[in-house]
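# Examination of the molecular architecture
The primary structure of each chain is shown beneath.
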Amino acid sequence: MTYVLGIDIGGSGIKGAPVDLVTGDFAAERVRIPTPAASTPSNVADVVAEIVAGFADQIGDSPIGITIPSVVTHGVTRSAANIDKSWIDAPAEKIFAERLGRPVVLVNDADAAGMAEVRFGAAKDHPGLVLVTTLGTGIGSALIYRGVLVPNTELGHIEIDGLDAETQAAASVRERLSLSFDQYVPRLQRYYEVLESLFWPDLLVVGGGISKNSHKFLPQLRLKTPIVPAQLRNKAGIIGAAALAVAEAEHPDPLA
Ligand code: BGC
């Protein structure tokens with residue numbers, strides 16, 4: 001059986017696991033290597049190559065899916081959240097593909113997590129418009145309509161009341177300001193009511209580490225749209241990256 005390797009590049013760790021895309025779960029235990037202090041494309045590619053080598057027996061010649069906290073258009077990283085600024089405008093997909101000697105599909109971290117939730121998690125097989133947000137250091141978003149991703153929505157940076165939304169409502173803001181969940185809820189309420197009024201999704205999914213505490217804040221939100229916690233937790237990025245790698249291999253990006 002051949003599995004598809006998903007790799008999740010984050011500000012503190014680079015994680016990878018082979019994914020079984022039939023069950024939507026890891027086919028082997030996840031490996032984690034700390035992100036190099038100088039998290040440049042070249043240094044990160046070295047770590048990714050190490051992870052790929054470790055799973056070589058299980059992944060045949062399948063493409064590798066990689067997530068990164070960056071806008072990614074046609075293989076080029078256009079921004080850099082919590083990683084070295086040299087990713088901005090780097091031909092990152094090409095850098096990885098050359099280093100690994102195999103096809104690579106590079107996607108935004110929230111887009112990957114969102115696709116995983118739609119394929120296998122909280123929004124499995126949803127027939128309408130799903131808006132997934134990840135509340136973490138920043139806020140990531142994935143907009144998926146009838147199973148098709150509209151990439152790079154960056155709704156964490158929507159301007160609300162004159163401020164960048166993630167600077168007010170990310171989970172890291174709650175921690176930094178030592179807010180109780182009751183104190184944090186009004187920030188989420190404002191954020192989600194604006195998203196709702198602009199996008200009118202059929203379902204909102206809340207991911208990120210904080211989703212394990214969703215019972216402490218989701219029931220307090222007053223929205224028109226059903227809002228549910230993500231299910232795949234910290235596996236979502238890896239699983240979504242693997243799923244997107246296969247989708248892209250089947251339908252290559254004509255603009256890449
Ligand atoms: C970045 C997004 C990313 C999100 C979650 C935001 O600050 O702009 O690209 O998806 O953080 O990591």
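Above: the structure in question.
Description of the structure in this document. Everything quoted here is computed from the prediction, not taken from an experiment. (Residues numbered from 1 in each chain as written. Predicted model: local features only at pLDDT ≥ 70, side-chain atom pairs only at ≥ 80, totals over all residues. Heavy atoms only, no water.)

## A short note on the site of the ligand
For the record, the criterion: By convention in this text, a residue qualifies as near a molecule or strand provided that one of its non-hydrogen atoms is within 4 Å of it. Polar contact is the term for a pair of N or O atoms within 3.5 Å; when the atoms are in protein, one must be able to donate a hydrogen and the other to accept it, and sequence-neighboring residues count only if both atoms are side-chain atoms. Accessible areas in this description were obtained via Shrake-Rupley with a 1.4 Å probe; residue shielding takes into account the shown protein chains only. For this classification, the nonpolar set comprises Ala, Val, Leu, Ile, Met, Phe, Trp, Tyr, Cys and Pro, the charged set comprises Asp, Glu, Lys and Arg, and every other residue, Gly included, is treated as polar.
Taken together, P69, S70, A81, N108, D109, A110, I139, G140, E154, H157 and E166 are the residues near the ligand. Contact distances for the ligand include 2.6 Å between an oxygen atom and a side-chain N or O atom of E154. A distance of 2.7 Å separates an oxygen atom of the ligand from a polar atom in the side chain of H157. Taking 310 Å² as the accessible area of the ligand by itself, protein coverage stands at 89%. Its residues assigned to classes, the shell around the ligand comprises 4 nonpolar, 4 polar and 3 charged.

## A closer look at unusual backbone geometry
We apply this condition: The helix count covers DSSP runs of H or I at least four residues long, the strand count covers runs of E at least two residues long, and both are numbered beginning at the N terminus. Remark: exposure states derive from per-residue accessible area (1.4 Å probe, protein chains only) relative to the maximum for the residue type, with buried under 20%, exposed over 50%, and partly exposed in between.
Even without being glycine, D161 reaches a positive phi, approximately 55°. Although it is not a glycine, W200 adopts a positive phi angle of roughly 45°. Structurally, W200 is set in the loop between α7 (181-199) and β14 (203-207). W200 sits in the exposed class, given a relative accessible area of 54%.

## A closer look at the pairing of β14
One face of the sheet, then the other: side chains in a regular strand alternate in exactly this way. Under the convention used in this document: What makes two strands pair is DSSP finding at least two bridges between them.
Counted residue by residue, β14 has 5 buried out of 5 residues, so it is predominantly covered. Of the two faces of β14, the one carrying L203, V205 and G207 and the one carrying L204 and V206 are both buried. Note that strand β9 (residues 129-135) and β14 share 5 bridges and pair parallel. Within the sheet, the bridge partner assigned to T133 lies in β14 and is V206. Looking at chain direction, β14 and strand β15 (residues 227-229) are connected through 3 bridges and run parallel. Residue pairing across strands places L204 opposite I227, the latter belonging to β15.

## What about helix α1 (residues 41-54)?
Spelled out, the test is: By this rule the span expected of a helix is its residue count minus one, scaled by 1.5 Å. To obtain the arc, one takes the directions from the helix axis to the C-beta atoms. Should any heavy atoms of two residues lie within 4.5 Å, those residues are counted as being in contact.
Relative to the 20 Å expected for 14 residues at 1.5 Å per residue, α1 spans 20 Å between its end C-alpha atoms, a close match to the ideal helical length. Buried within α1 are the following residues: P41, V44, A45, V47, V48, I51 and V52. Along α1, the residues classed as buried sweep out an arc of 165° about the axis, all on the same side. Within α1, the exposed residues directed more than 90 degrees away from the buried face are E50, A53 and G54. Here the buried face of α1 lies against β1 (4-9), β2 (13-20), β4 (31-34), α2 (56-59), β5 (64-68) and α3 (92-100).

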